[in-house]
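# Structure at a glance
Single-letter residue listing:
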Amino acid sequence: MTAEYRRPSTLPELLTDMAEPGAFALAGGTDLIPLRTAGAVSPTLLVDVKHVSELNGITTEAGTTRIGAATTLADLAEHHDRSLDAILDGARIVGAPQTRNRATLGGNLCRSSPAGDTLCGLLVLDAIAELHSLNGVRHVPVRDFFTGPGRNVATPSEVLVSIRLPTRHAGSAYHRFTYRRSMDLAIVGIAARLSIKNGTCVDATIAIGAAAPTPQSPPKLSSAPPATTKQSPTPANK
Ligand SMILES: Cc1cc2nc3c(=O)[nH]c(=O)nc-3n(C[C@H](O)[C@H](O)[C@H](O)COP(=O)(O)OP(=O)(O)OC[C@H]3O[C@@H](n4cnc5c(N)ncnc54)[C@H](O)[C@@H]3O)c2cc1C
């Protein structure tokens, strides 16, 4: 089936195009085009999201970092901001350089693969997805975004415009296990964020990918084990 291609340059034009039945947002196309070729999706209108200014760029203001949804993983890989490390670690290992030059952070989030390499980082850094449609704007915490493998709460006419992250004074990282050294998907991926005060860890968050239908950050994983009370030895004469 053929699909019409449109390239809006303003956000209102983009939202109007996305309101048409059969419209799909096209970012880097590294997931969407193979899915279309395999017959898993049948868009009748491909709406290129990359040329709208609101979906581009990385800015930090008033304690919040805003990453445009169409920011490529290659641009993120070259970005140096220690407060985003867990996301940047993920961006740096997706596919090959050619993949990262096309693929976007918004596409990785909207594809919602359980093994998406930026998703655990987005979870531990408390990211919020900014979704726009002709009906208005919604801010959805990424921890409430995923509903199943390849599924999420965004409606077909909604566009992910940006991802917002509260600036945190904490260290974070993402690491994945793969069978091959390069160009492989995670068997399991783990992100962690730790806050250290006076040499003591005062806050920790962990997220796990590729181990369940959606990336997970269950609060129990991050909470301290229950304190164990030391048993006094029973006196020998009792
Ligand atoms: C060779 C190869 C290797 C890969 N390796 C990895 C890997 O190691 N790790 C990994 O995580 N992924 C990997 N991928 C998958 C893919 O590259 C990533 O998921 C990528 O981030 C998708 O981004 P994209 O911009 O190409 O999305 P697209 O393919 O353009 O879109 C993906 C989905 O998101 C929707 N979408 C995109 N942008 C928006 C938006 N702004 N608003 C609403 N919906 C939107 C599209 O409609 C589509 O349904 C690989 C893919 C290939 C082809």
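Residues numbered from 1 in each chain as written. Predicted model: local features only at pLDDT ≥ 70, side-chain atom pairs only at ≥ 80, totals over all residues. Heavy atoms only, no water.

By the naming in an unreviewed UniProt entry, the protein chain goes by Xanthine dehydrogenase family protein subunit M and is assigned to Actinomadura soli.

### Brief notes about the packing of aromatic side chains
The geometry of an aromatic ring pair is captured by the separation of the ring centres together with the interplanar angle, meaning the angle of the planes. Put simply, the rule is: Each Phe, Tyr or Trp ring (for Trp, its six-membered ring) is paired with any other whose centre lies within 6.5 Å, and the angle between the two planes then decides the class: stacked below 30 degrees, edge-to-face above 60, tilted in between. The buried label applies to any residue whose accessible area, calculated with a 1.4 Å probe on protein chains only, is under 20% of its type's maximum; exposed applies above 50%, and partly exposed to all values in between.
Counted by the stated rule, this structure contains 2 aromatic pairs. Their ring planes at 85° and their centres at 5.7 Å tell us that Phe145 and Phe146 sit as a pair that is edge-to-face. Aromatic side chains Phe177 and Tyr179 sit 5.9 Å apart centroid to centroid with 80° between the ring planes, which places their arrangement in the edge-to-face category. Take Phe177: its relative accessible area is 44%, and that puts it in the partly exposed class. You can call Tyr179 exposed: its relative accessible area is 67%.

### Some words on the pattern of salt bridges
One side chain can pair with another of opposite charge once the charged atoms of both are near each other. For the record, the criterion: What makes a salt bridge here is a side-chain nitrogen of Lys or Arg within 4 Å of a carboxyl oxygen of Asp or Glu, nothing more.
All chains considered together, the criterion is met by 13 salt bridges. The closest approach of N and O atoms between Arg82 and Asp85, which form a salt bridge, is 2.7 Å. Judged by its relative accessible area of 65%, Arg82 falls in the exposed class. One salt bridge in this structure joins Arg193 and Asp126, with 3.5 Å as the shortest N-O distance.

### Observations concerning the sheet that holds strand E1 (residues 4-6)
Heads up, the rule is: The pairing criterion is simple: DSSP has to find at least two bridges between the two strands. In DSSP terms, a helix is any run of H or I states spanning at least four residues, a strand is any run of E spanning at least two, and both are numbered starting from the N terminus. For every element, the axis is a line fit to its C-alpha atoms; helices are fit only across the contacting stretch, and the angle between N-to-C directions ranges from 0 to 180 degrees.
The strand order across the open sheet built from 3 strands is E1-E3-E2, with neighbouring strands paired in parallel fashion. Each end of this open sheet is capped by a strand with a single partner; those strands are E1 and strand E2 (23-26). Strand-to-strand, the axes of this sheet are offset by a mean angle of 25°, without reference to chain direction. For E1 and strand E3 (residues 45-48), the ladder comprises 3 bridges, and the chain directions are parallel. Looking at E3, one finds that Arg6 is bridged to Val47.

### Thoughts on the site of the ligand
The criterion, for reference: The nearness test applies per residue and asks whether one of its heavy atoms lies within 4 Å of the molecule or strand. N or O atoms within 3.5 Å of each other form a polar contact, as long as, within protein, one can give a hydrogen and the other can take it, and as long as residues adjacent in sequence are counted only when both atoms are side-chain atoms.
In the neighbourhood of the ligand, 31 residues make up the surrounding shell, with Ala25, Thr30, Asp31, Leu32 and Thr104 lying closest. Contact between the ligand and Asp31: an oxygen atom at 2.5 Å from a side-chain N or O atom of the residue. Separating an oxygen atom of the ligand from a backbone N or O atom of Leu32 is a distance of 2.7 Å. Contributions of two or more residues to the shell around the ligand are made by E2, helix H6 (105-111) and strand E10 (159-166). Tallying contributions element by element places H6 first for the shell around the ligand, with 4 residues.

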